[in-house]
Amino acid sequence: MNTVYLDNNATTCVAPEVLDEMAPYLAELYGNPSSMHTFGGQTRRRIEEAREKVAALINAEPDEIIFTSCGTESDNTAIMSAVESQPRKRHIITSRVEHPAVLNFCQHLGRKGHRVSLVPVQKQGRLDMDAFLRMLDDDVVVVSIMHANNETGVIFPMDELCEILKERGIVMHTDAVQAAGKISIDVRKLPVDMLTISGHKLHAPKGIGVLYIRKGTRFHPYVIGGHQEQGRRAGTENVASIIGLGKACELALQHLPAESAYLSGLRDRLEKELLQSCPNTRVNGDPSRRLPNTTNVSFEYIEGEAILLRLNEYGICASSGSACTSGSLEPSHVLRAMGVPYTAVHGSIRFSLSRYNTEKDIDFVLEVMPGIVRELRELSPFGRNDAACSRDYASE
Ligand code: PLP
């Protein structure tokens, strides 16, 4: 059975060109870049080339880029650095719809004595800018707000946010894990102080991340040890993955405009035809400001988990915002923050595409989905779930 992979916001395949560049550094060229000898030292040059390519993706300077182990580490590092740089300030602002890499870390700091404010979102997932402005005070140590949401693809108004914070001298971090490589980011125009990227969302391997730190931003390392990354992130470099990420960023930059048009074309067709062929279906998220590759569709009155299992039988990979599929008992905090009715939250499916998807993939989903929805609606009257799934979240 062929796999139709439509879960690219969860992770992506490693691009063949990326794998080719990495392979020698996992086999014969295994030297340590910090070694004095030529054998190790030759990997240093390749790391610096990769740094240039990563920097180019967001129009940064290479020395504004540090490599980390993942997006989560970059997010934690950025927030912790801001907090440690201004110990007298205690107020952290983030949004209700962040990835747990930011949300749970801020809540952790909240338990240690910081005050954490969560900016709400409106119905279509847009950031509530009035609420955000009301939260700003002299005690704000950092604002960490994602560039684009992983569940809905909704893009936040980064320019506006960064300008407001720049005027007030407040440190701004953005989690651009889902945005990088999918939409254009130019840190020379966008006055953000720190920005996170994760390799495995843009066809590099898992276990490699990036933190952009604008020159002049006060920085405290989070991982402390050796002098790697100019003392900003200790630990022997993940050489092969760094080289792979460099190549992945080069490809992303090269493909970006064409890919964006291609993916939004596929996505829009999928969305439009699903809405036509499946009754009681809705799209979650602002259609005018979304990542080109993402759609979040709610098939009301059925469970996302059941849909995923049926899709899986056809080799189709997607993901769900439903409670019982994510490993936690809570349904998607993002859809709940948007006020999506609970009958729709539970039946929500995220399809996220990549350059490797084809019209044929979309044809296949469109072919099987109406039958799955019909069958599940007949079989599974909504409401037979356990207590955790049947709480009325819409009223919370
Ligand atoms: N931030 C966002 C928006 C994400 O979607 C993810 C991963 O899903 C992360 C952070 C975490 O990245 P990583 O898996 O590299 O730690």
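Here, every reference points to the structure presented above.
About the thresholds
- Residues numbered from 1 in each chain as written.
- Predicted model: local features only at pLDDT ≥ 70, side-chain atom pairs only at ≥ 80, totals over all residues.
- Heavy atoms only, no water.
- Pairing = 2+ DSSP bridges.
- Helix = DSSP H or I, 4+ residues; strand = E, 2+ residues; numbered from the N terminus.
- Contact = heavy atoms within 4.5 Å.
- Axes fitted to C-alpha atoms, helices over the stretch in contact; angles between N-to-C directions.
- Salt bridge = Lys/Arg side-chain N within 4 Å of Asp/Glu carboxyl O.
- Buried < 20%, exposed > 50% of the residue type's maximum accessible area, 1.4 Å probe, protein only.
- Core = buried A, V, L, I, M, F, W, Y, C linked by side-chain atoms within 4.5 Å.
- Domains from an automatic or database assignment.
- Arc of directions from axis to C-beta.
- 1 Å grid on protein atoms, 1.4 Å probe; cavity = no way out; pocket = protein on both sides within 12 Å on 5 of 7 lines; lining within 4 Å.
- Points joined across faces, edges and corners; volume = space filled by probe spheres on them.
- Nonpolar A, V, L, I, M, F, W, Y, C, P; charged D, E, K, R; others polar.

Engineer: In this structure, what is going on with the sheet that holds strand 10 (residues 294-299)? I would like to understand it.
Structural biologist: Whether parallel or antiparallel, the strands of a sheet pair through hydrogen bonds between backbone atoms. Here we have four strands laid out as an open sheet, ordered 9-10-13-12, and antiparallel in their pairing. Edge positions in the sheet fall to strand 9 (281-283) and strand 12 (319-320), since each has one partner strand and no second. Both strand 9 and strand 10 contribute to a ladder of three bridges, which runs antiparallel. Note that in strand 10 the partner of Arg282 across the bridge is Ser298. Each of strand 10, strand 12 and strand 13 (348-352) is contacted by helix 8 (residues 304-313), which is oriented at about 45 degrees to strand 13, the strand it contacts most.

Engineer: What is the right way to read the pattern of salt bridges from this model?
Structural biologist: Counting across every chain of the model gives 25 salt bridges. Residues Asp137 and Arg115 are paired through a salt bridge, measuring 3.0 Å at the closest nitrogen-oxygen approach. Of this pair, Asp137 sits in the loop between helix 5 (129-135) and strand 5 (140-144) while Arg115 sits in strand 4 (residues 115-119); the two residues are 22 residues apart in sequence, bridging distant segments of the chain. Using a relative accessible area of 40% as the deciding quantity, one classes Arg115 as partly exposed. It is possible to trace a salt-bridge network through shared partners that takes in Arg44, Glu48, Arg51, Glu229 and Glu237.

Engineer: How do you make sense of the nonpolar core when you look at a structure like this?
Structural biologist: The biggest cluster of nonpolar side chains holds 69 residues, and the ones touching the most others in it are Ile58, Phe132 and Ile145. The leading source of residues in this core is helix 7 (residues 239-277), at nine residues. Both domains that furnish three or more residues to this core are identified here as domain 1 (4-9 + 256-394) and domain 2 (16-252). Apart from the residues lying within four places of it in its own chain, the contact partners of Phe132 are Ile93, Val119, Val143, Ile145, Leu161, Ile164 and Leu165.

Engineer: Got a minute to help me understand helix 1 (residues 16-26) in this structure?
Structural biologist: An α-helical turn contains 3.6 residues, so a residue and the one three or four places further along point in the same direction. All of the buried residues in helix 1 are Val18, Met22 and Tyr25. For helix 1, the angular spread of the buried residues around the axis is 45 degrees, confining them to a single face. Those residues of helix 1 that are buried lie in contact with helix 2 (38-58) and helix 7.

Engineer: It is not clear to me how empty space enclosed by the protein should be interpreted in this structure. Could you clarify?
Structural biologist: Remark: the empty space left among the atoms is shown by a probe the size of a water molecule rolled over them. The final tally for this structure, using the stated rule, is two cavities of 30 Å³ or more. By volume, the largest cavity amounts to about 110 Å³. Here the lining of the largest cavity is composed, by residue class, of five nonpolar, six polar and four charged. Shared between two domains, the lining of the largest cavity holds at least three residues of each, these being domain 1 (4-9 + 256-394) and domain 2 (16-252). When its volume is computed, the second largest cavity comes out at roughly 30 Å³. In this structure, the second largest cavity is lined by Gly181, Lys182, Leu256, Glu259, Ser260, Leu263 and Pro292. Classifying every residue of the lining of the second largest cavity gives three nonpolar, two polar and two charged.

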